[in-house]
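Structure assessment
What follows is the residue order along each chain.
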Amino acid sequence: MLLDDEKNLEEEKKQQSQLDEDEYYVADDEIKRVFLDESKNNIEEEEDEEEYIPQNKDDYVVQSQILDNEINGLRPADLATVMKSSFLEYAMSVIVSRALPDARDGLKPVHRRILYGMSELGMFHNVQHKKSARIVGDVLGKYHPHGDSSVYEAMVRMAQDFSLRYPLIDGHGNFGSIDGDSAAAMRYTEARMSKIASAMVDGIKKNTVDFVDNYDGSEKEPVVLPARFPNLLVSGSYGIAVGMATSIPPHNLNEVIDGVCALAKNPEITIAQLMEYIKAPDFPTGGIIFDKEGLIRAYETGVGRVTIRSKATIQELKNGKAKIIITEIPYGKNKSVLIESIGNLIKDKKIEGISDFRDESNRDGIRIVIEVKKNFVPEVILNKLFKLSEFQTRFSFNMVALVNNEPQKLNLKSALQVYLDHQINVVTRRLQFDLDKDLARAHILEGLKICVENIDEVIAIIRHSKNDAEAQEILGKKFNLTEIQTKAIVDMRLGRLTGLAIEKMNEELDLVHQRIEEYQKILANKDLLIDLIIKELQEIKQTYGDERKSEINWQEISDINNEDLIPRKDVVITITRNGYLKRMDIEEYKEQSRGGIGVSTTKMYQDDDIQDILVANTHTDLLILTTNARVYRLRGYEIPIGTKQSKGIPVINIIGTLGEDEKIIKILSVDDNDYEKKKFLLTATKNGIIKKTHLSQYKLINKNGKYAFGLKENDELVDAIVAFDDEEIYLAASNNKICRFDIKDINPMGRMAAGVIGIKLEQNEKVVSISSSSEGKYIFSLGTNGFGKLSLAETFRKTKRNSRGVIALNETKAGELIYSGAVWGNEDMIVMTDDGISIRFSLKEVSIIGRNAKGVKLVNLKKRNAQIVAVAKVHNQTKNKDSRELTENELKGIEEDNSFEENIPSETEEKIETQEI
């Protein structure tokens, strides 16, 4: 029976479940059909009805959607007004709360919060460093609800000794570098306040400044720090706000404090007088400061600029090279970028002459070494670096800071005045705080003193009182004490009743009364208050002050000509027959006695020898003339420096390519004022043709040079001089004769004229030199055998041009005339041989004798079989009155030598027609 019942139940359950499924499908179908019917109905209705568009109705009127009155909480507003007010609110928020420093403590809010937060944590200079992350977290959580990077980056800059003149944070770890390297993450670095930073928060617990709620009202933060030194100018500031910016350079602490003290003593002091104390900014990276006019404008108006130049020294090396060593760079510049800029300048060929450069900086300081190639002037290269890179830059002043929460442009005096006013307020509040504290202490001590004086009666009152309140009430009435005094008596320990304790209490009371009297006196007298401020500032100066790092040089100019960097000095310039040119200091040619063998001053190469030698100055023009009568113009310092053994560099590297078989034959030294003195350039050719041209025609010469002569065929230029028209000319030839005549006998001609005959020559004879009477009253003659002499110029008979001339040297003994020129008799001569040997001797050692004499031995050529190829005169600055005088023996010898007669050819003139090339 049980089994049957169970079977029946299972069958009923199956039937019931089947019915439920059928109903479910029926219901689902009905739902689907209902939805389908409704959608069809809706589509049919939409097709039947027309689309409703209100604008299509005839009575439709367009209505404005702009609200005139408040509706459902929406108020009408002008867009321009809303944008203006919103932007101003944002701008003022950025200006006041982020970008600009307060003129009183020189800090932006983030810096102020960092220092205050660290002081609250007790992280002064005399405690252990703490993790930077801990400091940043504390500042973020309590005072500065912004990104952690803003706080950490500000803290990093405060720790960099190349960013702040006096760092406010003492960092431990990687806090970045002057090369632009970023600081390590704040979880790796540690920090604490620097020693000088403690002066920024000194006295902050004495109600010296106002406090306001932090961002959530849970903490208090200072509006400004007490700042016991003028941090705005000492540390400087840089920031970009909305519509304005600030740029204040750092200054030296000693100078700024002296400036504040001077202003405190004399409120009427001028900015010019303040600049006697505050001379210029003092950058942490040093450098040289100049441009005084820009600085004066900056201090007077708050806007201006000064120029900062890297400090560099030039080190001369023994091998003729030089090094430029840079030890200080401009403030705010990345050292790696500066070094990279040197490479770019070399790559772009804007600077030539640098063989190598490297960074040798270490923990001792910056050291950038630039190696200069031979034959290049390091001063010129350094000047180009200043002009083309940021090794010289400008710092722009824009002294904008917050005064009473409003941005103001400050000049030097107003910036110091704001700080002085702040210190007056801070010191006044501090004194008042100390006064109130001492008054309260004195009040208690006076009550205790009464207690001690009546101790037995006081003890009795306390013993018989039920409680403290009753004892205080009775003591107050009995001895006329206040509640504060009676409470102190009741709370007093019995140990205070010993004799020593009572004595100390009396001493303390006397000291408190003294301080109270001093505080009251200072608070009642502003002069005493100013004196106290000055005294405290001087204490800060003595504790933290140091010497300037930036050098001041008001004589410097921002743009220096290369020539201004090169010292004025006499140099010897030599050129070889193959066109190699160099200059050397004249001291390299040491004076020897006549007849010496000389010293080697030029390393000679095969098939080359010295052609000409000139004594000139580094700051004079050099007119370089070629055999083809072309003239080029250079400055003395542009000739590369050489050494005794160096050959020089090809002249084509300086003046460009010369023509075929064209060579340099003469280099003339011309002073800048010679062009205006109506001087003439006199040129002579190998065949005796001479020409006179105004020197002013050669003042401007382009790189390709100018022609100075219209040469005939088979002729070439051999010599040239610069002289006035009222002088005499001495034209010497290889036939040992000199033709003397007046320069005015030659008519001035154009540059391209062919000239006229100066001296008559036979075949195989040629002109060797030309000189003028302004060069001296004696004629120095030198033969190829090394013999030379001095003769009076007046013993050479004056002729007309186009004559044969008169004898100047005994050819059979002295050799063929190789040089003849006018001298004063006290100059030094430099003689160069074809094997590179030179000898320098004084003409004072050379005898003054007649024209036909052979002279004395000046150069010893027998040992080397050498030949004299060049002679140069070291110009003496003495005038005619200082020239050498004849002795009686010399005068007698001259008369004997000139007692013979010479056959002088007829002095006919032969003009050569002027022709143009």
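Residues numbered from 1 in each chain as written. Predicted model: local features only at pLDDT ≥ 70, side-chain atom pairs only at ≥ 80, totals over all residues. Heavy atoms only, no water.

**A look at the overall build of the chain**
Rules: Numbering of helices and strands runs from the N terminus; a helix is a DSSP stretch of H or I covering at least four residues, while a strand is a stretch of E covering at least two. For every residue, the accessible area (1.4 Å probe, protein chains only) is compared with the maximum for its type, and the residue is labelled buried under 20%, exposed over 50%, or partly exposed between those bounds. Note on contacts: a residue pair qualifies if any of its non-hydrogen atoms lie within 4.5 Å across the two residues.
For the chain, the count of helices and strands is 21 helices and 41 strands. Within the span of the chain, comprising 917 residues, buried residues form 48% of the whole. Put simply, 74% of the contacts in the chain that link residues at least 6 apart link residues at least 24 apart.

**Focus: the packing of aromatic side chains**
For clarity, the threshold we go by: What counts as a ring pair is set by centres within 6.5 Å for rings of Phe, Tyr and Trp (its six-membered ring), and what kind of pair is set by the plane angle: stacked under 30 degrees, edge-to-face over 60, tilted for all other angles. Only when the NZ of Lys or the CZ of Arg is both within 6 Å of the ring centre and within 35 degrees of the ring normal is a charge said to sit over the ring.
Applying the stated criterion across every chain yields a total of eight aromatic pairs. Both rings, one in Tyr331 and one in Phe395, keep their centres 6.2 Å apart while their planes meet at 45°; by these two values the pair is tilted. Placement of Tyr331 in the loop between strand E11 (322-328) and helix H11 (335-347) and of Phe395 in strand E14 (residues 392-398) is noted, with a sequence separation of 64 residues between them. Among the aromatic residues, those joined into a ring-pair cluster are Phe283, Tyr299, Tyr331, Phe395 and Phe397. When the ring centre of Tyr166 is taken as reference, the NZ or CZ atom of Arg165 above it lies at 4.7 Å. The lysine or arginine in question, Lys691, covers the ring of Phe709, its NZ or CZ lying 5.0 Å from the ring centre.

**Considering the pattern of salt bridges**
Once their charged atoms are close, side chains differing in charge can pair, the charge on each being opposite to the other. Filter applied, for reference: What makes a salt bridge here is a side-chain nitrogen of Lys or Arg within 4 Å of a carboxyl oxygen of Asp or Glu, nothing more.
Counted by the stated rule, this structure contains 39 salt bridges. For Glu221, the salt bridge goes to Arg113, with nearest N and O atoms at 2.8 Å. Of this pair, Glu221 sits in strand E5 (residues 220-222) while Arg113 sits in helix H3 (residues 109-120), and the two are 108 residues apart along the sequence. Residue Arg113 is classed as buried on the basis of its relative accessible area, which comes to 18%. Where Asp725 meets Lys692, a salt bridge forms, and the shortest distance between an N and an O atom there is 2.6 Å. Taken together, the residues span a long stretch of sequence, with Asp725 in the loop between strand E29 (717-723) and strand E30 (728-733) and Lys692 in strand E27 (residues 689-694) at a distance of 33 residues. Lys692 gets classed as buried once you look at its relative accessible area, which sits at 1%. Overlapping salt bridges, with partners in common, bring together Asp356, Arg358, Glu360, Arg367 and Glu371 in one network.

**Some words on empty space enclosed by the protein**
Stated precisely, the cut-off is as follows: A 1.4 Å probe that fits but cannot get out identifies a cavity on a 1 Å grid over protein atoms alone, an open set with protein on both sides within 12 Å along at least five of seven lines counts as a pocket, and a residue lines either if it has an atom within 4 Å of a point. Grid points are joined across faces, edges and corners, and a volume is the space filled by probe spheres set on the points.
Enumeration according to the criterion identifies two cavities of 30 Å³ or more in this entry. Roughly 40 Å³ of volume is contained in the largest cavity. Residue lining of the largest cavity: Ala103, Arg104, Pro230, Leu232, Leu233, Ala415, Leu416 and Tyr419, and that is the complete set. Within the residue set of the lining of the largest cavity, elements represented by two or more residues are helix H7 (231-235) and helix H13 (412-453). With three residues, the single largest contributor to the lining of the largest cavity is H13.

**Remarks on a nonpolar patch on the surface**
Rules: By definition, no residue in a patch forms a salt bridge, and every one has over 30% relative accessible area; like charges are joined within 9 Å, nonpolar side chains (Val, Leu, Ile, Met, Phe, Trp, Tyr) within 5 Å. Surface accessibility follows the Shrake-Rupley procedure with a 1.4 Å probe radius. Residue values consider only the protein chains on display as shielding.
Together, Phe87, Leu88 and Tyr90 make up an exposed nonpolar region whose accessible area comes to about 330 Å². Assignment of secondary structure puts Leu88 in helix H2 (residues 79-99).

**Concerning the sheet that holds strand E2 (residues 169-172)**
Stated formally: By definition, two strands form a pair when at least two bridges between them are found by DSSP. To get an axis, a line is fitted to the C-alpha atoms, and for a helix only the part in contact is used. The angle between two axes follows their N-to-C directions and goes from 0 to 180 degrees.
Within the open sheet, the three strands sit side by side as E1-E3-E2. Their pairing is antiparallel. Among the strands making up the open sheet, the edge pair consists of strand E1 (130-131) and E2. On the sheet, H3 packs against E2 and strand E3 (190-193) and is oriented at approximately 90° with respect to E3.

**Description of the UniProt feature "active site" (unreviewed entry) in the chain**
Keep this limit in mind: UniProt positions are given in the numbering used here, feature names are shortened, and annotations may be inferred rather than shown by experiment.
Annotation from UniProt places "active site" (unreviewed entry) at Tyr188. Locating Tyr188 in the fold gives a position in the loop between E2 and E3. Of the residues examined, Tyr188 reaches a relative accessible area of 52% and is grouped as exposed.

**As for the packing of H3 against helix H5 (residues 148-159)**
Quick reminder of the rule: Throughout, the term roughly parallel applies to angles under 35 degrees, roughly antiparallel to angles over 145, roughly perpendicular to angles from 65 to 115, and oblique to all others. Amino acids are sorted into nonpolar (Ala, Val, Leu, Ile, Met, Phe, Trp, Tyr, Cys and Pro), charged (Asp, Glu, Lys and Arg) and polar (every other residue, Gly among them).
Orientation of H3 relative to H5, taken along the N-to-C sense of each, is 80°, at an axis distance of 10 Å. Comparing the axis directions of H3 and H5 gives the class roughly perpendicular. For the pair H3 and H5, contact is made by Val110, His111, Ile114 and Leu115 and by Ser150, Val151, Ala154, Met155 and Met158, respectively. Its residues assigned to classes, the contact of H3 with H5 shows seven nonpolar, two polar and no charged.

**Digging into the sheet that holds strand E12 (residues 354-359)**
The strand order across the open sheet formed by four strands is E10-E11-E13-E12, and the pairing between neighbours is antiparallel. Both edges of this open sheet fall to strand E10 (311-316) and E12, since each of them pairs with a single strand only. Within the sheet, the average angular offset between the axes of one strand and its neighbour, ignoring direction, is 20°. As paired strands, E12 and strand E13 (residues 368-372) are joined by five bridges and run antiparallel to one another. Within the sheet, the bridge partner assigned to Asp356 lies in E13 and is Glu371. Together, E12 and E13 form the strand contacts of H11, whose direction differs from that of E12 by roughly 165°.

**So, the packing of helix H15 (residues 468-479) against helix H16 (residues 483-491)**
When two helices pack together, their arrangement is given by the angle between the helix axes and by the axis-to-axis distance. The condition is simple: By definition, any crossing whose near helix is turned counterclockwise from its far helix by less than a right angle is left-handed, and any crossing with a clockwise turn is right-handed.
It is the contact of H15 with H16, at a shortest axis distance of 9 Å, that shows an interaxial angle of 125°. Put simply, H15 runs oblique to H16. Between H15 and H16 the crossing geometry is right-handed. Note on element contacts: H16 touches H15 through Glu483, Thr486, Lys487, Ile489 and Val490, opposite Asp468, Ala471, Gln472, Leu475 and Gly476. Looking at the contact of H15 with H16 residue by residue, the class counts come to four nonpolar, three polar and three charged.

**Describing the side chain of Gln392**
The cut-off we apply is this: Definition of a polar contact: a pair of N or O atoms within 3.5 Å, with one able to donate and the other able to accept a hydrogen when the atoms are protein atoms, and with sequence-neighbouring residues admitted only if both atoms are side-chain atoms.
Within the secondary structure, Gln392 sits in strand E14. Within polar-contact distance, the side chain of Gln392 engages the side chain of Arg309 at 2.6 Å.

**Comments concerning the nonpolar core**
Let me state the cut-off plainly: What we call a nonpolar core is a set of buried Ala, Val, Leu, Ile, Met, Phe, Trp, Tyr and Cys residues that are connected through their side-chain atoms within 4.5 Å. Domain extents, as shown, originate in an automatic or database domain assignment.
Counting residues in hydrophobic clusters, the biggest one holds 110 residues, and the most contacted among them are Ile114, Leu115, Leu168, Ile169, Phe229, Leu253 and Leu416. Mapped onto the domain boundaries, this core takes at least three residues apiece from domain 1 (107-226) and domain 3 (415-544). In this structure Leu168 touches Leu107, Leu115, Met158, Met193, Ser194, Ile196, Ala197, Met200, Phe229 and Asn231, once residues within four positions along its chain are discounted.

**Comments concerning H15**
Definition in use: Multiplying 1.5 Å by the helix residue count minus one yields the expected span of that helix. The arc in question is the one traced by the directions running from the helix axis out to the C-beta atoms.
Here H15 spans 16 Å end to end across 12 residues, near enough to the 16 Å set by a 1.5 Å rise per residue. Within H15, burial applies to Ala471, Gln472, Leu475, Gly476 and Phe479. For H15, the angular spread of buried residues about the axis comes to 130°, placing them on one side. Facing away from the buried side of H15 by over 90 degrees, the exposed positions are Ala469 and Lys477. In the core, the buried residues of H15 are packed alongside H13, helix H14 (455-464) and H16. Of the residues flanking the start of H15, the one acting as N-cap is Asn467, its side-chain oxygen 3.3 Å from the backbone nitrogen of Ala469. Once H15 finishes, Asn480 follows within two positions and takes phi at roughly 55°, a positive value.

**Looking at the pairing of E27**
Counting buried residues along E27, five of its six residues qualify, which places the element largely inside the surrounding structure. With five bridges joining them, strand E26 (residues 680-685) and E27 adopt antiparallel strand pairing. Each residue of the ladder has a partner; that of Leu682, found in E27, is Lys692. Linking E26 to E27, which pair antiparallel, is a turn of three residues; within it Gly688 sits at a positive phi near 90°.

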